[in-house]
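Residues per chain, in single letters:
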Amino acid sequence: MLEKDVRQILSEHGKLPVEIDTIADDGNLFDAGLTSLTTVNVMLAIEDHFDVEFDDNMLSRATFQSVQALATAIQTLLDE
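The following paragraphs examine the structure supplied in this document.

Reading the values: rules and limits
- Residues numbered from 1 in each chain as written.
- Predicted model: local features only at pLDDT ≥ 70, side-chain atom pairs only at ≥ 80, totals over all residues.
- Heavy atoms only, no water.
- Salt bridge = Lys/Arg side-chain N within 4 Å of Asp/Glu carboxyl O.
- Helix = DSSP H or I, 4+ residues; strand = E, 2+ residues; numbered from the N terminus.
- Polar contact = N/O pair within 3.5 Å; in protein donor to acceptor, adjacent residues only side chain to side chain.
- Contact = heavy atoms within 4.5 Å.
- Core = buried A, V, L, I, M, F, W, Y, C linked by side-chain atoms within 4.5 Å.
- Buried < 20%, exposed > 50% of the residue type's maximum accessible area, 1.4 Å probe, protein only.
- Expected span 1.5 Å × (residues − 1).

Bringing the pattern of salt bridges into the picture now. Applying the stated rule across the entire model yields one salt bridge. Here arginine 7 makes a salt bridge to aspartate 25, at a shortest N to O gap of 2.7 Å. On the criterion of sequence distance, the pair formed by arginine 7 in helix 1 (residues 2-13) and aspartate 25 in the loop between helix 1 and helix 2 (36-50) is long-range, its members being 18 residues apart.

Along the chain, serine 66 turns up in the loop between helix 2 and helix 3 (67-79). Here alanine 69 takes part through its backbone nitrogen, which lies 3.0 Å from a polar atom of the side chain of serine 66. Those residues in contact with serine 66 that sit more than four places away from it in its chain are Asp25, Asp26, Gly27 and Leu29.

On to the nonpolar core. Ranked by internal contacts, the top residues of the largest apolar core, which has 26 residues, are Leu10, Leu29, Leu34, Ile46 and Phe54. Listing elements by their share of this core, those giving two or more residues are helix 1, helix 2 and helix 3. A per-element tally of this core places helix 3 first, with six residues. Here phenylalanine 54 is in contact with Met43, Ile46, Glu47, Leu59, Thr63, Phe64, Ala73 and Leu77, once residues within four sequence places are set aside.

Relative to the 21 Å expected for 15 residues at 1.5 Å per residue, helix 2 spans 21 Å between its end C-alpha atoms, a close match to the ideal helical length. Residues Thr38, Thr39, Val42, Met43, Ala45, Ile46, Glu47 and Phe50 constitute the buried set of helix 2. Summarising the contacts, the buried residues of helix 2 are in contact with helix 1 and helix 3. Just past helix 2, the residue aspartate 51 takes up positive phi, approximately 55°.

Remember that the coordinates give geometry; whether it matters functionally is a separate question.
In structure tokens, the structure reads:
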């Protein structure tokens, strides 16, 4: 169910020009309008919401590529 939370955070902090519900879980968020600046906002919101901190090796475009990639990264952090 992490995807639902990720979608909510993207909706509030991603500043995407399209509705988050129109993007598939594996859809490319950068193609949908996510920028490097809004990625930072999304990252901070995720860290706050889930009480986690992204590892340096996770700070890559691949981690923020899709809802699914973000959910996987969050699950990894929660399992640590």
